[in-house]
There are 2 protein chains.
Amino acid sequence: MRIGLLGFGTVGSAFAEVLAACGNEDVRITHVFNRGVERKRLHGHAKFVVDGAVWTERVEDVLEALDVDVIVELMGGLDPADGWLRAALGSGKHVVTANKQLIAYRGAELFALAASKGVQLLYGAAVAGGVPVIPGVAQGLSGDQITRISGILNGTCNFILSSMEGGADYREALTRAQMAGYAEANPSADVDGFDARAKLCILSRLALHAEINPDEVPAQTISNVSAVDFAYARELNCTIRQVSRAQLTPKGSGLLGDAVSASVGPMLVPKSSPIAWSRGTQNMVVTSGRFGGDVVFSGHGAGGHPTAVAVMSDVRAIAENSVQVRLPAKKMAVVGDVIAPYYLRFVVDDKPGIVAAIASELAKVGANIDSILQHRGFGTERLPFVVTTEPCLSSKLGEAIAEMAKFDFMLEPPLCLQILVVDDPETD
Amino acid sequence: MRIGLLGFGTVGSAFAEVLAACGNEDVRITHVFNRGVERKRLHGHAKFVVDGAVWTERVEDVLEALDVDVIVELMGGLDPADGWLRAALGSGKHVVTANKQLIAYRGAELFALAASKGVQLLYGAAVAGGVPVIPGVAQGLSGDQITRISGILNGTCNFILSSMEGGADYREALTRAQMAGYAEANPSADVDGFDARAKLCILSRLALHAEINPDEVPAQTISNVSAVDFAYARELNCTIRQVSRAQLTPKGSGLLGDAVSASVGPMLVPKSSPIAWSRGTQNMVVTSGRFGGDVVFSGHGAGGHPTAVAVMSDVRAIAENSVQVRLPAKKMAVVGDVIAPYYLRFVVDDKPGIVAAIASELAKVGANIDSILQHRGFGTERLPFVVTTEPCLSSKLGEAIAEMAKFDFMLEPPLCLQILVVDDPETD
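Basis of the calculations
- Residues numbered from 1 in each chain as written.
- Chains lettered and ligands numbered in written order.
- Predicted model: local features only at pLDDT ≥ 70, side-chain atom pairs only at ≥ 80, totals over all residues.
- Helix = DSSP H or I, 4+ residues; strand = E, 2+ residues; numbered from the N terminus.
- Rg over C-alpha atoms; globule rule 2.2 N^0.38 Å.
- Buried ≥ 20, exposed ≤ 12 C-beta atoms within 10 Å, placed from the backbone.
- Contact = placed C-beta atoms within 7 Å.
- Nonpolar A, V, L, I, M, F, W, Y, C, P; charged D, E, K, R; others polar.
- Pairing = 2+ DSSP bridges.
- Least-squares fit on C-alpha atoms with pLDDT ≥ 70 in both.
- Domains from an automatic or database assignment.
- Axes fitted to C-alpha atoms, helices over the stretch in contact; angles between N-to-C directions.
- Parallel < 35°, antiparallel > 145°, perpendicular 65-115°, else oblique.
- Left-handed = near helix turned anticlockwise from the far one by under 90°.
- Core = buried A, V, L, I, M, F, W, Y, C linked by C-beta atoms within 7 Å.
- Arc of directions from axis to C-beta.

Draft legend 1. Quick peek at the overall build of chain A. Summing up its helical and strand segments, chain A has 14 helices and 20 strands in all. Against the 2.2 N^0.38 benchmark of 22 Å for 428 residues, chain A shows a C-alpha radius of gyration of 24 Å, consistent with a compact globule. Residues classed as buried in chain A amount to 51% of the 428 residues present. Contacts in chain A between residues far apart in sequence, at least 24 positions, make up 75% of those at least 6 positions apart.

Put into structure tokens, the structure is as follows:
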């Protein structure tokens, strides 16, 4: 089996190493496409690519090569990757990709194209890197009816938030993530939730059988979370994580599958929840099934080698003529609204009547206050304090927050975080 | 696809329900074999089996039926199940089984038979019930080189030990497990480690590519663990779990794959380890890969519905003509000996010179003492105290313990538990 590799960066070079280590001479990289290919040939891992391989800066040299059986695409992004993969599938080549954006936004069409050409399109590396949640769900949980997925799908955010849990402030934690190579110079895709959102939509298609549009999933940035929120979270026996959730919403008739309630953003997570266990760049996915209950997958979600393992596993599946279970999916609308308890953190210029004013806005939308927390040790000029609510409708709460933001004592926009509710762990 | 079901007990009846719920009319149970079949037909779940199905007490009626495509075997045990499955595979029927003993002891022959007949033999339910560790490893981690598996593979032991962690003594916890239906009247297969051992051997074949004989894997009973051990474990920031471990041992040359170091038994587990997270009847498997690092799978390891999900997923894979990755395995010897730190608990009739006598025996075999713990609050006539060692060779330590057991002040045989060492969680 001859592989045309698109991209010889961190994951591509690690894949070459992992492939060489597996010692199967019948599977080899015969073509490598990359910009600045002469520099890439000097990479320490270039030695893992067989002698005589074609190194090229013209992608056509790989896509059009008649002696390439599988295209491994590790460049990322919607375009031009989309056109490349369509060309590859169209000419009867199998494709293995780690491209989460492409699979999230255009997966349905690409799968249809692959099926029509009788070739495989595998993407195990697109979600949670080295954690085999895609094959685990496709092969091992196809017998269940999964109604909810929750997860830590972005290692960068988990690194930043778990650093903040350890005492760092957001800027420090972000800088540390950038120095360690976990975060980009422009961290928006990670911290604002767009990366996790794409992965959530891929999991939704696979596990919930629901094809949803990533653009419809509300994504909340983690960049407004501050050290004081971790202090308050601790008081509530919680920590804070970027959580991605998607759940089938039973509507009216009680039938499953009418819509998907989905969101990505920082949440308060009880320390007793598996979601709170992830440290550093670890990823975690929890599936909740009607019959099998909760299943947890966790491990290294990013990094060259773990991602390369997922790519290699897909390559091996193709080499062995393995065929995956096909899980049908249908288009569904996204409901951003949820009923949940919320954490509201205000920074105010302290004066009498603030709690009354806030309580009054909450009462107007029917949100009951569960607790009011206020730590000592802050000045009265920038006083952060916290209100938690009983479960309420997020859109209604949003209306109240919009009103509160107008108060003259409010020094910054209120921060609103959903509080994750943990089901009883022992239900079987 | 027509299914011949062997066994309409807890899992079999749950499978009928899960199959009916999936709403695929093309896959149905047409034959059911069970003892006392007239009573089984009155089972509430018999309604999930299609009208007109054959209910029989003669297994041949199912095995020899020309209109059965897949045999689902949920009876367990080596014989007569072995002969039944050989007959089924021999006549060109696919087989799905949850039979861990059969797959552990005779899997290699059965896989060869299935391959020679061009049919599938799937066993996802044989390890960790509803936790998709078998497809996850086979499909999702085939690209890695897994060098170690650790896990909580027996829900009954985990229920008992986590109840003891909550304050129960062993007898109470066992009785509670029996009342809840988690433990048999004769609990030996669970508490003495034979059940977990079979599962460990199945995982060893799949993940380590090492075919090992279950009888060669040392199994230590949990029945000697007492409440006082949990008190001491807590002091060491640990809990106690029945842990199953198998690890490729690099020998001499540094080559992997010469032998497998394997054991099943109660161990001290640091609370920071994922292994300590499992509560109640939950199962957990941690694989450690050369490239991908640690991957954790966890969920409901037992019970009718979770196990039925695994069976159903395998049935679905066959119905969809899915083909698994074939992972080769070679026979390997088991090494029971490990180098690890140990926890030794003694119950003695207190008198001067005891610590010196014990220390002297440990010194003879080169085992260094790491700590000596002795709680107040026990009488001097039955004084439990604890010695922990630095890492030492288990066989050498065993020699010392055999000598110590002869001391006249020793009121019961010393309890020796391995202390699990947790690698740095953040290694990528």
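Here the narrative resumes, following the displayed structure.
Draft legend 2. Examining the interface of chain A and chain B more closely. At the interface, 52 residues of chain A touch 51 residues of chain B. Counting only elements with at least two residues in the side of chain A that touches chain B, the list comes to helix H1 (10–21), helix H6 (133–140), strand E12 (293–300) and helix H12 (304–319) of chain A. Examining the composition of the side of chain A that touches chain B, we find that 11 residues originate from one element, H12 of chain A, more than from any other. Classifying every residue of the side of chain A that touches chain B by side-chain character gives 22 nonpolar, 22 polar and eight charged. Looking at chain direction, E12 of chain A and strand E12 (residues 293–300) of chain B are connected through five bridges and run antiparallel. Looking across to E12 of chain B, one finds that Val296 of chain A is bridged to Ser298 of chain B.

Draft legend 3. Focus on the relation of the copies chain A and chain B. Relative to chain B, chain A is turned by 180° and slid 0.0 Å along the rotation axis, the superposed coordinates differing by an RMSD of 0.1 Å. Between the two chains, the operation in question is that of a two-fold axis. Interface overlap between copies: 98% of the residues of chain A at the interface are likewise at the interface in chain B, consistent with a symmetric, same-surface contact.

Draft legend 4. Local environment of the pairing of strand E16 (residues 342–348) of chain A. Residue and element names in this part refer to chain A. The element E16 is extensively covered by neighbouring structure, given that six of its seven residues are classed as buried. Where E16 and strand E18 (residues 383–389) come together, six bridges link them in antiparallel fashion. Paired with Leu344 across the strands is Val387, a residue of E18.

Draft legend 5. Representation of the domain arrangement of chain A within the structure. Taken domain by domain, chain A consists of domain 1 (2–122), domain 2 (133–299 + 330–335) and domain 3 (339–419). The straight-line distance from the C-alpha centre of domain 1 of chain A to that of domain 3 of chain A is 51 Å.

Draft legend 6. Seen up close, the environment of Ala125 of chain A. Among the secondary structure elements, Ala125 of chain A is positioned in the loop between strand E6 (121–122) and H6. Sequence-distant contacts of Ala125 of chain A, defined by excluding residues within four places in its chain, comprise Ala98, Thr307, Ala310 and Val311 of chain A.

Draft legend 7. Representation of the packing of helix H1 (residues 10–22) of chain B against helix H12 (residues 304–319) of chain B within the structure. All names here are of chain B. Two numbers describe how H1 lies on H12: the axes approach to 8 Å, and their chain directions differ by 60°. On the basis of their axis angle, the class for H1 and H12 is oblique. Every pair of crossing elements has a handedness; the one defined by H1 and H12 is right-handed. Between H1 and H12, the contacting residues are Thr10, Val11, Ser13, Ala14, Phe15, Val18, Leu19 and Cys22 on the first element and Gly304, His305, Thr307, Ala308, Val309, Val311 and Met312 on the second. A breakdown of the residues in the contact of H1 with H12 according to their chemical character gives 10 nonpolar, five polar and no charged.

Draft legend 8. Up close: the sheet that holds strand E1 (residues 2–6) of chain A. Residues and elements named next belong to chain A. Strands sit in the order E3-E2-E1-E4-E5-E6 across an open sheet of six strands; the sheet is parallel. With partners counted over all chains shown, the strands left at the sheet margins are strand E3 (54–56) and E6, one partner each. The sheet contact formed by E1 and strand E4 (residues 70–73) spans four bridges and is parallel. Bridge assignment links Leu6 to a residue of E4, and that residue is Glu73.

Draft legend 9. Molecular detail of the sheet that holds strand E4 (residues 70–73) of chain B. All names here are of chain B. Overall, parallel pairing links the six strands, which are arranged E3-E2-E1-E4-E5-E6 in an open sheet. The open sheet has two edge strands with one neighbour each: strand E3 (54–56) and strand E6 (121–122). When strand E1 (residues 2–6) meets strand E2 (residues 28–33), the two strands line up parallel, connected through five bridges. Among the inter-strand pairings, Ile3 is bridged to a residue of E2, identified as Ile29.

Draft legend 10. Geometry of the nonpolar core. Counting 268 residues, the largest nonpolar core has Phe15 and Val72 of chain A together with Phe15 and Val72 of chain B as its most contacted members. Apart from the residues lying within four places of it in its own chain, the contact partners of Val72 of chain A are Ile3, Leu5, Leu6, Phe15, Val96, Val311 and Val315 of chain A.

Draft legend 11. Summary view of the pairing of strand E11 (residues 282–289) of chain B. All names here are of chain B. With respect to burial, E11 is a largely interior element, seven of its eight residues being buried. Where E11 and E12 come together, eight bridges link them in antiparallel fashion. Looking across to E12, one finds that Thr287 is bridged to Val295. Counting the residues in the hairpin turn of E11 and E12 gives three residues.

Draft legend 12. Region of interest: the environment of Gly92 of chain B. Residue and element names in this part refer to chain B. Mapped onto the elements, Gly92 comes out in the loop between helix H4 (81–90) and strand E5 (94–97). Sequence separation of Gly92 and Lys117 is 25 residues, and the distance between their C-alpha atoms is 6.0 Å. Apart from residues no more than four positions distant in its own chain, Gly92 is found in contact with Lys117 and Val119.

Draft legend 13. A look at helix H11 (residues 227–235) of chain B. Residue and element names in this part refer to chain B. When we look at burial in H11, the residues that qualify are Asp229, Phe230, Tyr232 and Ala233. What you see down the axis of H11 is that its buried residues fit within an arc of 165°, all on one side. Looking one or two places after H11, you find Asn237, whose phi comes out positive at around 60°.

Draft legend 14. Examining unusual backbone geometry more closely. A cis amide bond links Asp79 of chain A to the next residue, Pro80 of chain A, at an omega of 10°. On the secondary structure map, Pro80 of chain A appears in the loop between E4 and helix H4 (81–90). With phi around 60°, Asn237 of chain B is a residue other than glycine that occupies positive phi space. Along the chain, the position of Asn237 of chain B falls in the loop between H11 and strand E9 (238–251).

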